[in-house]
Amino acid sequence: MPKPKTLYVCNACGAESSQWFGKCPACGTYNSLDEVAAPSPIKISRGGWQSNTYSDNHDPNAGPAQPRSSLTFSEIVDTVQIRFPSGYGELDRVLGGGVVPGSLVLIGGDPGIGKSTLMLQVANQLAKLHRILYVCAEESGQQVKLRASRLGVVSAETSDPDSNNGRVNKEPKSSKSKSSKSKSSKSKSSKTPIAAQDSESQDSESQDADLYVLPETDLEEILRELESLKPQVAVIDSIQTLYFPALTSAPGSVAQVRECTSALMQVAKRSNITLLIVGHVTKEGAIAGPRVLEHLVDTVLYFEGDRFASHRLLRSVKNRFGATHEIGIFEMVSNGLQEVLNPSDLFLGNRDEMSPGTATVVACEGTRPILVELQALVSPASYGAPRRSTTGVDYNRLQQILAVLEKRVGIPLSKLDAYVATAGGLGVEEPAADLGMAIAVVASFRDRVVDPRTVMIGEISLGGQVRLVSQMELRLKEAAKLGFKRAIIPKGQTLSDLGIEIIQVSRVLDAIIAALPGGLRQDFPEDIEDQI
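Computed from a predicted structure; not experimentally measured.

About the cut-offs
Residues numbered from 1 in each chain as written. Predicted model: local features only at pLDDT ≥ 70, side-chain atom pairs only at ≥ 80, totals over all residues. Heavy atoms only, no water. Helix = DSSP H or I, 4+ residues; strand = E, 2+ residues; numbered from the N terminus. Buried < 20%, exposed > 50% of the residue type's maximum accessible area, 1.4 Å probe, protein only. Polar contact = N/O pair within 3.5 Å; in protein donor to acceptor, adjacent residues only side chain to side chain. Contact = heavy atoms within 4.5 Å. Phe/Tyr/Trp six-rings, centres within 6.5 Å; stacked < 30°, edge-to-face > 60°. Pairing = 2+ DSSP bridges. Axes fitted to C-alpha atoms, helices over the stretch in contact; angles between N-to-C directions. Parallel < 35°, antiparallel > 145°, perpendicular 65-115°, else oblique. Nonpolar A, V, L, I, M, F, W, Y, C, P; charged D, E, K, R; others polar. Arc of directions from axis to C-beta. Patch = residues over 30% accessible without salt bridge, like charges linked within 9 Å, V, L, I, M, F, W, Y side chains within 5 Å. Areas by Shrake-Rupley, 256 points an atom, 1.4 Å probe, with all protein chains shown as cover. Salt bridge = Lys/Arg side-chain N within 4 Å of Asp/Glu carboxyl O. Core = buried A, V, L, I, M, F, W, Y, C linked by side-chain atoms within 4.5 Å. Left-handed = near helix turned anticlockwise from the far one by under 90°.

(A) Local environment of the side chain of S86. The residue S86 is located in the loop between α1 (53-58) and α2 (89-95) in this model. Looking at S86, the relative accessible area reads 0%, which means it is buried. There is a polar contact of 3.3 Å between the side chain of S86 and the backbone oxygen of Y88. Separated by 2.7 Å, the side chains of S86 and D92 make a polar contact. Apart from residues lying up to four places away in sequence, S86 is in contact with L91, D92, V99, V122, Q125 and L126.

Below you can see the structure in the form of structure tokens.
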């Protein structure tokens with residue numbers, strides 16, 4: 001009997017090798033090669049097709065080239081892509097305006113961040129207008145119902161504990177409607193008109209809800225349920241726990257994730273079913289499984305957040321039907337996730353209490369302007385080497401700004417500790433926050449208070465110039481809407497009247513003079529070196 005052949009497959013990138021290596025030759029990941037059985041060779045039949053290239057090139061009587069199945073752009077029929085709302089405006093914003101029928105959306109995030117909670121709430125909202133299938137491969141039906149009852153998702157259906165797997169005993173719609181009508185007629189006499197209307201609306205919502213739960217990990221059973229139920233939207237929670245019985249590898253392996261996603265994609269495209277797929281992430285924060293998983297789907301979303309904070313960020317990194325790098329902001333409360341309609345209030349400090357070392361910037365996440373408060377603290381170093389620490393901003397960006405302030409402005413910061421953080425924990429990585437960061441550091445150094453009604457927008461170059469940034473008018477409109485009176489921006493833009501005073505500067509020193517009273521270089525104490 002011949003010895004079975006084996007291959008070594010990288011669980012990070014999916015590369016195959018005939019022998020084991022400690023480091024993947026393709027992606028460079030250490031200890032990522034898993035041994036799998038080599039698939040048997042499959043003979044592919046040509047189906048009677050043979051190449052006629054030689055005869056066409058040498059036959060003078062051959063006809064002109066003709067397409068068999070390909071089409072030109074003029075022959076392709078234009079169809080309007082109709083999106084439908086998900087029930088959450090923040091999710092619709094990230095998706096590009098709504099859910100596209102037949103699309104595949106991959107949602108990844110850290111364990112416990114709220115991916116399943118978000119998907120269950122979205123499924124409940126969509127079930128009011130569409131038929132929804134929720135595949136819970138990680139939990140049983142009872143566990144999902146327990147979580148749904150906490151979120152206020154479970155309808156008025158009752159379950160029989162003696163039934164198989166705790167399935168819900170559904171009554172026919174006709175009998176259910178008759179019983180609900182009789183109950184409502186009996187209860188109307190004992191309820192106020194407003195309470196009666198609320199109960200009727202709740203009964204109608206529970207009757208209209210069309211949410212089906214399938215606790216299953218077998219891919220073939222899930223595909224049969226999709227073809228039988230024909231839902232408009234299906235939620236897969238999660239793709240790493242599904243398995244294809246024809247493969248010998250374990251669930252979550254590269255082969256299993258690739259084949260399961262490919263099979264689900266074929267059914268979704270053929271039946272026009274929208275798939276919301278939940279994916280695990282690695283310790284580095286990337287989607288677990290082969291890289292081809294992100295290439296197969298249409299949209300890739302990341303659900304992020306700090307475990308010490310209540311807000312969650314839904315960020316788009318790939319979207320075939322809309323813009324990328326859009327964000328949606330949610331807040332985790334006792335009964336699930338709630339949308340944050342005005343995120344600037346979440347990331348702005350208390351402007352009534354004026355404190356030194358704070359400045360307000362306008363960051364843009366995609367097409368969404370968000371006002372964020374930057375906080376800086378500058379103090380003498382306790383040891384020989386000064387310490388720099390950041391929370392929410394880029395560490396290297398802070399080092400660059402400190403060097404510019406010392407070289408171009410003359411502020412001695414090389415022997416001082418510097419700490420910079422954002423209020424609310426929002427990560428601000430764009431260069432437009434440079435000017436606000438520099439002014440916050442100088443305000444802490446001079447122990448001055450920046451006007452809380454002033455915003456700073458601009459990028460700082462190594463030469464000390466303040467450079468232009470994109471979407472300036474959109475940022476200023478958001479600042480004016482929230483009651484800010486002044487804006488310090490780079491020079492060189494012609495803006496319309498936006499209801500806010502514009503101060504244009506060309507150098508970072510000019511911005512410091514405009515933002516801080518007495519911020520000139522000669523106003524610094526001459527014995528600052530001795531004080532340090």
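Moving on from the coordinates now.
(B) Looking closely at the packing of aromatic side chains. Taken as a whole, this structure holds two aromatic pairs when the rule is applied. Aromatic pair F303 and F330: ring centres 6.3 Å apart, planes at 75°, arrangement edge-to-face. Residue F303 is located in strand β9 (residues 299-304), and its partner F330 is located in strand β11 (residues 327-333); the two are separated by 27 residues in the primary sequence. For the pair shown, F303 and F330 are each scored as buried. Grouping aromatic residues by their ring pairs yields a cluster made of Y88, F303 and F330.

(C) Structural view of the sheet that holds strand β1 (residues 6-10). With antiparallel pairing, three strands are arranged side by side in an open sheet as β2-β1-β3. Lying at the two open borders of the sheet, with one neighbouring strand each, are β2 (16-17) and β3 (33-37). Pairing geometry for β1 and β3, over five bridges, is antiparallel. For C10, the partnering residue across the bridge sits in β3 and is L33.

(D) Up close: the packing of helix α3 (residues 115-126) against helix α4 (residues 141-151). The interhelical angle for the contact between α3 and α4, taken along N-to-C directions, is 70°, at an axis separation of 11 Å. Classified by the interaxial angle, the pair formed by α3 and α4 is roughly perpendicular. Residue-level inspection shows S116, T117, L120 and Q121 of α3 in contact with α4, the latter providing V144, R147, A148, R150 and L151. Per-class residue counts for the contact of α3 with α4 are four nonpolar, three polar and two charged.

(E) Fine view of helix α13 (residues 472-481). Within the span of α13, buried status applies to M472, R475, L476, E478 and A479. Seen from one end, α13 has its buried residues packed into an arc of 160°, which puts them on one side. Packing partners of the buried residues in α13 comprise α10 (343-347), β13 (358-365), β14 (368-380), β17 (454-456), β20 (486-490) and β21 (501-505). Following α13 by one or two positions, G483 has its phi on the positive side, about 95°.

(F) The arrangement of the sheet that holds strand β16 (residues 416-422) in detail. Pairing is mixed across the open sheet formed by seven strands, whose spatial order is β15-β16-β14-β13-β17-β20-β21. A single partner strand is all that each edge strand has here, and the edge strands are β15 (388-391) and β21. Geometrically, the sheet is characterised by an average inter-axis angle of 25° between neighbouring strands, direction not taken into account. Pairing geometry for β13 and β17, over two bridges, is parallel. Paired with V361 across the strands is M456, a residue of β17. Set on the sheet, helix α12 (residues 434-446) makes contact with β13, β14, β16, β17 and β20; between it and β14 the angle comes to about 30°.

(G) Up close: the pairing of strand β5 (residues 132-136). Within β5, five of the five residues are buried, which leaves it mostly tucked inside the rest of the structure. Side-chain alternation along β5 places I132, Y134 and C136 on one buried face and L133 and V135 on a second face that is also buried. Here β5 pairs with strand β6 (residues 211-214) via four bridges, running parallel. Within the sheet, the bridge partner assigned to Y134 lies in β6 and is V213.

(H) Examining a nonpolar patch on the surface more closely. On the surface, a nonpolar cluster with roughly 380 Å² of combined accessible area is contributed by L71, F73 and I76. For F73, the position within the fold is in the loop between α1 and α2.

(I) Broad picture of the pattern of salt bridges. Applying the stated rule across the entire model yields 16 salt bridges. A salt bridge links E304 to R315, with the nearest nitrogen and oxygen atoms 3.3 Å apart. Within this pair, whereas E304 is found in strand β9, its partner R315 is found in strand β10 (residues 311-319), the two being separated by eleven residues in sequence. One network of salt bridges, in which partners are shared, links K269, D298 and R320.

(J) Focus on the nonpolar core. Ranked by size, the top nonpolar core spans 49 residues in total, and within it L405, L413, L435, V441, I488 and V508 carry the most contacts. Residue assignment for this core shows that the elements contributing at least two residues are β11, β13, β14, α11 (395-409), β16, α12, β21 and α14 (508-515). The leading source of residues in this core is α12, at nine residues. Those residues in contact with V441, other than ones at most four positions away along the chain, are A376, V378, L402, L405, L413 and V420. Counting residues in hydrophobic clusters, the runner-up holds 32 residues, among them Y88, V94, A148 and V235.

(K) Expanded view of unusual backbone geometry. In this model, D237 is joined to S238 through a cis peptide bond whose omega is 5°. In this structure, S238 sits in the loop between β7 (233-237) and α8 (254-271). With a phi angle near 55°, N31 is a residue other than glycine that sits in the positive phi range. Turning to its location among the elements, N31 is positioned in the loop between β2 and β3.

(L) Expanded view of the packing of α12 against α14. Between α12 and α14, the least distance of the axes is 10 Å, while the angle of their chain directions is 60°. In terms of axis orientation, α12 runs oblique to α14. Judged by the twist between their axes, the crossing of α12 over α14 is right-handed. Residues L435, A438, I439 and V442 of α12 form the contact with α14, whose own contacting residues are V508, A511, I512 and A515. Here the contact of α12 with α14 is built from residues that sort into eight nonpolar, no polar and no charged.

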